[in-house]
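Chain by chain, the residues:
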Amino acid sequence: MLERWLAVAGDSPAAASVGAELIARWSEPHRRYHTLDHLRAVLEAVDLLAAEAADVDAVRLAAWFHDAVYDGRPGWDEERSAELAQARLPRCGIGADRIGEVARLVRLTAAHDTLREGDADGAVLCDADLSVLGRDGYEAYTRQIRQEYRHVPDELFTAGRSEVLRRLLAVPRLYRTPRARELWEARARENMSAELAALAAAQA
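The rules behind each value
Residues numbered from 1 in each chain as written. Predicted model: local features only at pLDDT ≥ 70, side-chain atom pairs only at ≥ 80, totals over all residues. Heavy atoms only, no water. Helix = DSSP H or I, 4+ residues; strand = E, 2+ residues; numbered from the N terminus. Contact = heavy atoms within 4.5 Å. Salt bridge = Lys/Arg side-chain N within 4 Å of Asp/Glu carboxyl O. Buried < 20%, exposed > 50% of the residue type's maximum accessible area, 1.4 Å probe, protein only. Axes fitted to C-alpha atoms, helices over the stretch in contact; angles between N-to-C directions. Parallel < 35°, antiparallel > 145°, perpendicular 65-115°, else oblique. Left-handed = near helix turned anticlockwise from the far one by under 90°. Nonpolar A, V, L, I, M, F, W, Y, C, P; charged D, E, K, R; others polar.

### Some details on the environment of Thr158
Assignment of secondary structure puts Thr158 in helix H9 (residues 154-170). Spatially, the C-alpha atoms of Thr158 and Leu199 are 6.4 Å apart, while their sequence positions differ by 41 residues. Beyond its immediate stretch of four places on either side in the chain, Thr158 contacts Leu199 and Gln203.

Right, here's the structure in full:
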């Protein structure tokens, strides 16, 4: 993974140090889904969608930082992750404008529905982050998410998770880029609908 980081952040000793810190953060023992496997999957999805981005390197940097701080606190995690990007990227020689874009993109992942029309880089990052919904391994993903929220009682988790799924299914287009819709839209809707039905059956 460090090689992938150095390819986008530069191969200076400072960049290598930041990359090692990020890998350590993504490897924290309390994580179950937001792990290096998730980061790797997001980076692979960004590669598939790269032609849709305006600044694909900014998107890749944002992918590295988007869950670098993860305590299971929506909004708070993304804000701290964006602040971490702003603190660490100058050490790698990344320019101020790109750092600002990376931080903006990281903050977008707190609520994908805040994405503005025409935001090509935001669309690629958000689509890559949600690609798990329409790719192999959906059942493992749902188990890992439940493990990350194991402190939440079943009834509350089921209610919250069901609301998230209903909100995602309600939007006319889950993915913003044409390529992501082609790759993942239909299967993502099938996966989420099946999970929602299973959650409803468990509550019955």
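### Examining the pattern of salt bridges
In this structure the tally under the stated criterion is 18 salt bridges. Here Glu185 makes a salt bridge to Arg189, at a shortest N to O gap of 2.9 Å. One end of the pair, Glu185, and the other, Arg189, are both in helix H10 (residues 178-203), four residues apart, so they sit about a helical turn from each other. Relative accessible area serves as the criterion here: at 11%, Glu185 is assigned to the buried category. Where salt bridges share partners, they join Arg4, Asp47, Asp57 and Arg60 into one cluster.

### Remarks on the environment of Glu21
In this structure, Glu21 sits in helix H2 (residues 13-26). The sequence separation of Glu21 and Ala68 amounts to 47 residues, and the corresponding C-alpha distance is 9.3 Å. Beyond its immediate sequence surroundings of up to four residues, Glu21 is in contact with Leu84 and Arg88.

### Thoughts on the packing of helix H3 (residues 36-49) against helix H7 (residues 120-129)
It is at 8 Å that the axes of H3 and H7 come closest, and there the two elements cross at 135°. Considered as vectors, H3 and H7 are oriented oblique to each other. Relative to H7, H3 is oriented so that their crossing is right-handed. Of the residues in H7, those in contact with His38, Val42, Ala45, Val46 and Leu49 of H3 are Val124, Asp127, Ala128 and Asp129. A per-class count over the contact of H3 with H7 returns six nonpolar, one polar and two charged.

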